[in-house]
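If you want the building blocks of each chain, they are given just below.
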Amino acid sequence: MTNLRDNRTNQHVGVFAGLRNTLLLPSWLVISVFALAPLAIMLVYSFLTKEFRGGVIWEFTLAAYDQFFLDRGLFGDESPKIEWTYINIFWRSVWQASLATVICLVIGFPTAYYIATRPASTRNIWLFMITVPYWVNLLIRTVSMKFLIRDNGPINEWLLAAGMISEPIHLINTPIAVQLGLFYSYLPFMVLPLYAAIERYNFSLSEAAADLYAGKWFTLWHIIIPSVKPGIVAGCILVFIPSLGAFLAPDLLGGAKNFMIGSLIEEQFKGTAGNWPFGAAASMILLSTVLLILMWYSRTPSGTKAKRDNGS
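Definitions and limits used
- Residues numbered from 1 in each chain as written.
- Predicted model: local features only at pLDDT ≥ 70, side-chain atom pairs only at ≥ 80, totals over all residues.
- Heavy atoms only, no water.
- Helix = DSSP H or I, 4+ residues; strand = E, 2+ residues; numbered from the N terminus.
- Buried < 20%, exposed > 50% of the residue type's maximum accessible area, 1.4 Å probe, protein only.
- Contact = heavy atoms within 4.5 Å.
- Areas by Shrake-Rupley, 256 points an atom, 1.4 Å probe, with all protein chains shown as cover.
- Core = buried A, V, L, I, M, F, W, Y, C linked by side-chain atoms within 4.5 Å.
- 1 Å grid on protein atoms, 1.4 Å probe; cavity = no way out; pocket = protein on both sides within 12 Å on 5 of 7 lines; lining within 4 Å.
- Points joined across faces, edges and corners; volume = space filled by probe spheres on them.
- Salt bridge = Lys/Arg side-chain N within 4 Å of Asp/Glu carboxyl O.
- Patch = residues over 30% accessible without salt bridge, like charges linked within 9 Å, V, L, I, M, F, W, Y side chains within 5 Å.
- Polar contact = N/O pair within 3.5 Å; in protein donor to acceptor, adjacent residues only side chain to side chain.
- Axes fitted to C-alpha atoms, helices over the stretch in contact; angles between N-to-C directions.
- Parallel < 35°, antiparallel > 145°, perpendicular 65-115°, else oblique.
- Left-handed = near helix turned anticlockwise from the far one by under 90°.
- Nonpolar A, V, L, I, M, F, W, Y, C, P; charged D, E, K, R; others polar.
- Phe/Tyr/Trp six-rings, centres within 6.5 Å; stacked < 30°, edge-to-face > 60°.

## Overview of the overall build of the protein
And step 1. Within the protein, the regular secondary structure consists of 14 helices and four strands.
And step 2. Looking at the protein as a whole, 33% of its 312 residues qualify as buried.
And step 3. Pairs at least 24 residues apart make up 61% of the contacts formed inside the protein by residues separated by at least 6 positions.
And step 4. Surface exposure of the protein reaches about 19600 Å², of which carbon and sulfur atoms provide 69%.

## Comments concerning the nonpolar core
And step 1. Counting residues in each nonpolar core, the largest one holds 35 residues, and the members touching the most others are Phe109, Ile149, Leu182, Val228 and Leu253.
And step 2. Counting residues per element, this core draws most heavily on helix α7 (residues 175-199), at eleven residues.
And step 3. Phe109 has contacts with Cys104, Leu194, Ile198, Leu220, Ile224, Ile225, Val228 and Ile232, leaving out every residue within four places of it along the chain.
And step 4. Counting residues in each nonpolar core, the second largest holds 20 residues, with Ile89, Phe240, Ile261 and Ile265 among its members.

## With respect to the layout of surface pockets
And step 1. If you add up the space inside the largest pocket, you get close to 440 Å³.
And step 2. Phe109, Trp217, Leu220, Ile224 and Ile225 are, among the 18 residues lining the largest pocket, the residues nearest its centre.
And step 3. Looking at the lining of the largest pocket, the elements with two or more residues in it are α3 (84-116), α8 (204-211), α9 (216-227) and α10 (229-244).
And step 4. The greatest single-element share of the lining of the largest pocket, amounting to seven residues, is contributed by α9.

## Here's the deal with the pattern of salt bridges
And step 1. Under the counting rule described, the total for this entry stands at four salt bridges.
And step 2. With a shortest N-O distance of 2.8 Å, Asp66 and Arg72 are connected by a salt bridge.
And step 3. On the basis of relative accessible area, Asp66 is assigned to the partly exposed category, the value being 22%.
And step 4. Lys270 is paired through a salt bridge with Glu266; the nearest N and O atoms lie 3.5 Å apart.
And step 5. The class of Lys270 is partly exposed, set by a relative accessible area of 42%.
And step 6. The exposure class assigned to Glu266 is partly exposed, which follows from its relative accessible area of 21%.
And step 7. Taken together, the salt bridges that share partners define one network made up of Glu266, Glu267 and Lys270.

## Points about a nonpolar patch on the surface
And step 1. Among the surface-exposed residues, Ile237, Ile241, Leu291, Leu292, Leu294 and Met295 lie close enough to one another that they form a single nonpolar patch of about 500 Å² accessible area.
And step 2. For the nonpolar patch, the secondary structure elements donating two or more residues are α10 and α13 (276-299).
And step 3. Broken down by element, the nonpolar patch gets its largest block of residues, four residues, from α13.
And step 4. Tracing the backbone shows Leu292 in helix α13.
And step 5. In this structure Leu292 comes out as exposed when scored by relative accessible area, which is 56%.

## Digging into the side chain of Gln268
And step 1. With respect to the helices and strands, the residue Gln268 is situated in helix α12 (residues 261-268).
And step 2. What makes Gln268 buried here is its relative accessible area of 13%.
And step 3. Only 3.2 Å separates the side chain of Gln268 from the backbone oxygen of Leu264, close enough to count as a polar contact.
And step 4. Excluding residues within four positions of it along the chain, Gln268 makes contact with Gly274, Asn275, Trp276, Phe278 and Gly279.

## Things to note about the packing of helix α4 (residues 120-131) against α7
And step 1. At a minimum axis distance of 10 Å, the contact between α4 and α7 shows a crossing angle of 160 degrees. On the basis of their axis angle, the class for α4 and α7 is roughly antiparallel. The handedness of the crossing between α4 and α7 comes out as left-handed. Here Arg123, Leu127, Ile130 and Thr131 of α4 come into contact with α7, specifically with Pro188, Val191, Leu192, Tyr195 and Glu199.
And step 2. Its residues assigned to classes, the contact of α4 with α7 comprises six nonpolar, one polar and two charged.

## Thoughts on unusual backbone geometry
And step 1. A positive phi angle, close to 65 degrees, is found at Asn173, a residue other than glycine.
And step 2. Assignment of secondary structure puts Asn173 in the loop between α6 (154-161) and α7.
And step 3. Classification of Asn173 by relative accessible area gives partly exposed; the value is 43%.
And step 4. With a phi close to 70 degrees, Tyr213 is a non-glycine residue in the positive phi region.
And step 5. Residue placement: Tyr213 occurs in the loop between α8 and α9.

## Some remarks on the packing of aromatic side chains
And step 1. Inspection of every chain in the model, using the stated rule, returns 15 aromatic pairs.
And step 2. Pairing Phe128 with Trp135 gives two aromatic rings, centres 5.4 Å apart and planes at 80 degrees, and the pair type is edge-to-face.
And step 3. In this structure Phe128 comes out as partly exposed when scored by relative accessible area, which is 43%.
And step 4. Relative to Phe189, the ring of Tyr186 lies with its centre 5.7 Å away and its plane at 40 degrees, an arrangement referred to as tilted. Remark: Phe189 and Tyr186 occur in helix α7; sequence separation between them is three residues, near one turn of the helix.
And step 5. We classify Phe189 as partly exposed; its relative accessible area is 38%.
And step 6. One aromatic cluster in this structure is built from Tyr45, Trp58, Phe269 and Trp276.

Here it is in structure tokens:
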């Protein structure tokens, strides 16, 4: 009887295994049309020539990549020098995205821990409070942030009325304003994965550590954080990648001095005066950097362990 049951199970598995590729066709079709095809178009456009009145000329060249990294003078006839303008914009983007990720982690971890340790009947209420502001469009939320932190905005008026400051704090068009925008935009992307990881954490491990006279900080660094590391990694990735390519917060809150790579790319596709090949090349450089970071992490021991833990 057992052998008969096993044979039937194997037959069912074999039938569904044969249908696996067929069942995946809709997913592959959606991914191909809405993800792979646009990336392929951007890759091709990055090697084309800019048309004077906008658009492209179908002549393949490396001019767009050369423009990003090298400065050959106004007419292109000078000896090449490193083009620090775009490189600085790129590294400023990496720095701002990294700092936003760290701030979201510092604020998001205790927030997620607090929510995960509440009674089960109230957790959904706390999660609702975290996510409900993000039902509003990102553009509206960014403009609202600009209204709050401007020189004559509610925050400065409240601080002046309370006597905490003698003159308005200038935040608009500063790196701090960009950080506030990125932090406010992507904080839930950190809180939700952390909450999911902490909720699965076995709190009896913390109790055992306390019974062995381990302090709270020792328990946090050596037991809790290693146990919820997959959630930390997922949250950092979900915050860092969109922050790296953000353009609303830099444009509306940062001004020209705080230009980021997302703003640079967005400018190249505006109207008829943009440089589509250069915008596509900058996009591919940004994408390649992110992919290299993810590939490097996946090959590290911690990345391999995180993938194994998620798979299990």
